[in-house]
Amino acid sequence: MPPPVEIDTWVAKVCAGDVRAISQAITAIENHQAQAEELLRQVFPRTGKAYLTGITGAPGTGKSTLVDRLSAYYRAHQEQVGVIAVDPTSPYTGGAILGDRIRMQGHAGDSGMFIRSMATRGFLGGLARATAEVALLLDAAGKHQVLIETVGVGQDEVDIVRLADCVVVMLVPGLGDDIQNMKAGLMEIGDIFVINKSDREGADRLDHELHAMLSLVMPRDGWQPQVVRTIASENKGIDVLAAKIAGFRAHFESSGERRRKHVEHWKQRLLELLESRLLQRALGGAEGEARLARLAAEVADRRKDPFTAVSEILASGGFASATKEN
Ligand SMILES: Nc1nc2c(ncn2[C@@H]2O[C@H](COP(=O)(O)OP(=O)(O)OP(=O)(O)O)[C@@H](O)[C@H]2O)c(=O)[nH]1
Ligand SMILES: [Mg+2]
């Protein structure tokens, strides 16, 4: 698909916050089109200002409702907001996209607000990477606050929330999903824990358990994870949550940790980019796929060893010295 307009114009429009231009750019990212990379390259100098908050939790904990209310809070404070909702693919959440749209339609017509759902199926180069690129784009488009909603299951999801400057983990009382059952990984990455639906029975118990659990966790970089109770559907506790997020941000900015985290983050991203570029070069095109299948069959039949097979792939990808090394 050709770019909708000249790339310079497209870049300018994205940076001006033009909704259509941003949407088209996201589609280009999702489809892994070549212009997406050029676009991101050109907008990159404009990025680095947005604050990314990842909001994660089990299905139905109220993430979308909370994101909606938090967005409204930021908008009321003159901050532009970008929302990326990463939808799970499991069939029973088929209505999630529609549901999110409906819940968030209160923001329709607000040009300071951009919402996009991303499907999780069939992403070339990984969902985490696509999400990261969309976040960069929204950053360039002048969104001060970028909120990423994701269901906290699977490595992909954990990778996504790792992108964020601040990770909010959502729990709800009375679902039998007490902390013991919570993914250990999430417990480790949560900067702020939200007990949503705290109008329900069991909020005290969950609060108690959570505090007990967190008291055992070593503070990371001097930050003790915080607990906030909310009733997102009634807009309660949202201001407290926003204050905790701001507090976390201030903590990291003043300690210089933010820069260290960003360097670490980019190291990871560069490795991922390198990996996907190298894979592309070694396996690119239909021919590459066919070669891979042929070599795999040869190895499976013990007609070739895997090391020789990889060397052959590298040699054909133009990595000349690789064959000699092996
Ligand atoms: N009682 C109560 N209900 C809530 C609260 N927050 C959200 N809900 C309701 O919980 C249901 C699920 O909310 P969503 O915001 O769609 O949850 P979600 O985590 O985004 O769900 P998925 O995206 O499908 O994982 C909706 O019916 C909300 O109205 C709350 O604080 N209390
Ligand atoms: Mg949702």
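Please refer to the structure placed before this passage.
My aim in this report is to walk through the structure given alongside it, one point at a time.

Rules used throughout
Residues numbered from 1 in each chain as written. Chains lettered and ligands numbered in written order. Predicted model: local features only at pLDDT ≥ 70, side-chain atom pairs only at ≥ 80, totals over all residues. Heavy atoms only, no water. Helix = DSSP H or I, 4+ residues; strand = E, 2+ residues; numbered from the N terminus. Buried < 20%, exposed > 50% of the residue type's maximum accessible area, 1.4 Å probe, protein only. Pairing = 2+ DSSP bridges. Axes fitted to C-alpha atoms, helices over the stretch in contact; angles between N-to-C directions. Contact = heavy atoms within 4.5 Å. Core = buried A, V, L, I, M, F, W, Y, C linked by side-chain atoms within 4.5 Å. Donors = N, O, S within 2.8 Å, 3.2 Å for Na, K, Ca; no water. Phe/Tyr/Trp six-rings, centres within 6.5 Å; stacked < 30°, edge-to-face > 60°.

### Section: unusual backbone geometry
Part 1 of the reasoning: Unlike most non-glycine residues, Asn235 shows phi in positive territory, near 60°.
Part 2 of the reasoning: Summarising the element assignment, Asn235 is placed in the loop between strand S7 (226-229) and helix H10 (238-255).
Part 3 of the reasoning: In this structure Asn235 comes out as partly exposed when scored by relative accessible area, which is 43%.
Part 4 of the reasoning: Unusually for a residue other than glycine, Arg302 sits at a positive phi of about 60°.
Part 5 of the reasoning: Structurally, Arg302 is set in the loop between helix H12 (285-300) and helix H13 (306-316).
Part 6 of the reasoning: Residue Arg302 is classed as exposed on the basis of its relative accessible area of 70%.

### Thoughts on the environment of Leu127
Part 1 of the reasoning: In this fold, Leu127 is placed in helix H6 (residues 127-140).
Part 2 of the reasoning: The exposure class assigned to Leu127 is buried, which follows from its relative accessible area of 3%.
Part 3 of the reasoning: It is 7.8 Å that separates the C-alpha atoms of Leu127 and Ile160, two residues lying 33 residues apart in sequence.

### Some details on the sheet that holds strand S4 (residues 145-151)
Part 1 of the reasoning: One open sheet holds the seven strands; their spatial order is S3-S2-S4-S1-S5-S6-S7, and the pairing between them is parallel. A single partner strand is all that each edge strand has here, and the edge strands are strand S3 (113-118) and S7. The average undirected angle you get between the axes of adjacent strands in this sheet is 20°.
Part 2 of the reasoning: The pairing of strand S6 (residues 192-195) with S7 spans four bridges and is classified as parallel. Among the inter-strand pairings, Val194 is bridged to a residue of S7, identified as Val228.
Part 3 of the reasoning: Of the strands in this sheet, strand S1 (51-57), strand S2 (81-86), S3, S4, strand S5 (166-171) and S6 touch helix H4 (residues 63-76), which is tilted by about 175° from S4.

### Brief notes about the nonpolar core
Part 1 of the reasoning: Formed by 50 residues in total, the largest nonpolar core has its most connected members in Val14, Ile84 and Leu137.
Part 2 of the reasoning: Here the element with the most residues in this core is H6; it accounts for ten residues.
Part 3 of the reasoning: When neighbours within four sequence positions are excluded, Ile84 is seen to be in contact with Arg116, Met118, Thr131, Val134, Ala135, Leu138, Val146, Leu147, Ile148 and Glu149.
Part 4 of the reasoning: If you look at the next biggest cluster of nonpolar residues, it comprises 24 residues, including Val81, Ile192, Val194 and Phe252.

### Notes on the coordination of the magnesium ion (ligand 2)
Part 1 of the reasoning: Protein coordination at the magnesium ion (ligand 2): the donors are Ser64 (OG) and Glu149 (OE), at 2.1 to 2.2 Å from the metal. One end of the pair, Ser64, is in helix H4; the other, Glu149, is in strand S4, with 85 residues separating them in the sequence. A single burial state applies to Ser64 and to Glu149, both of which are buried.

### Considerations on the packing of aromatic side chains
Between two aromatic rings, the relevant description is the distance of the centres plus the angle of the planes.
Part 1 of the reasoning: In total, this model carries four aromatic pairs according to the counting rule given.
Part 2 of the reasoning: With centroids separated by 5.6 Å and ring planes inclined at 90°, the aromatic side chains of Phe44 and Trp266 adopt a geometry described as edge-to-face. Within this pair, whereas Phe44 is found in the loop between helix H3 (34-43) and S1, its partner Trp266 is found in helix H11 (residues 257-283), the two being separated by 222 residues in sequence.
Part 3 of the reasoning: The class of Phe44 is partly exposed, set by a relative accessible area of 39%.
Part 4 of the reasoning: On the basis of relative accessible area, Trp266 is assigned to the partly exposed category, the value being 29%.
Part 5 of the reasoning: The interplanar angle of 50° and the centroid separation of 4.6 Å between the aromatic rings of Phe248 and Phe252 together place this pair among those described as tilted. Of this pair, Phe248 and Phe252 both sit in helix H10, four residues apart, which is roughly one turn of that helix. Across this residue pair, the class does not change: Phe248 and Phe252 are buried.

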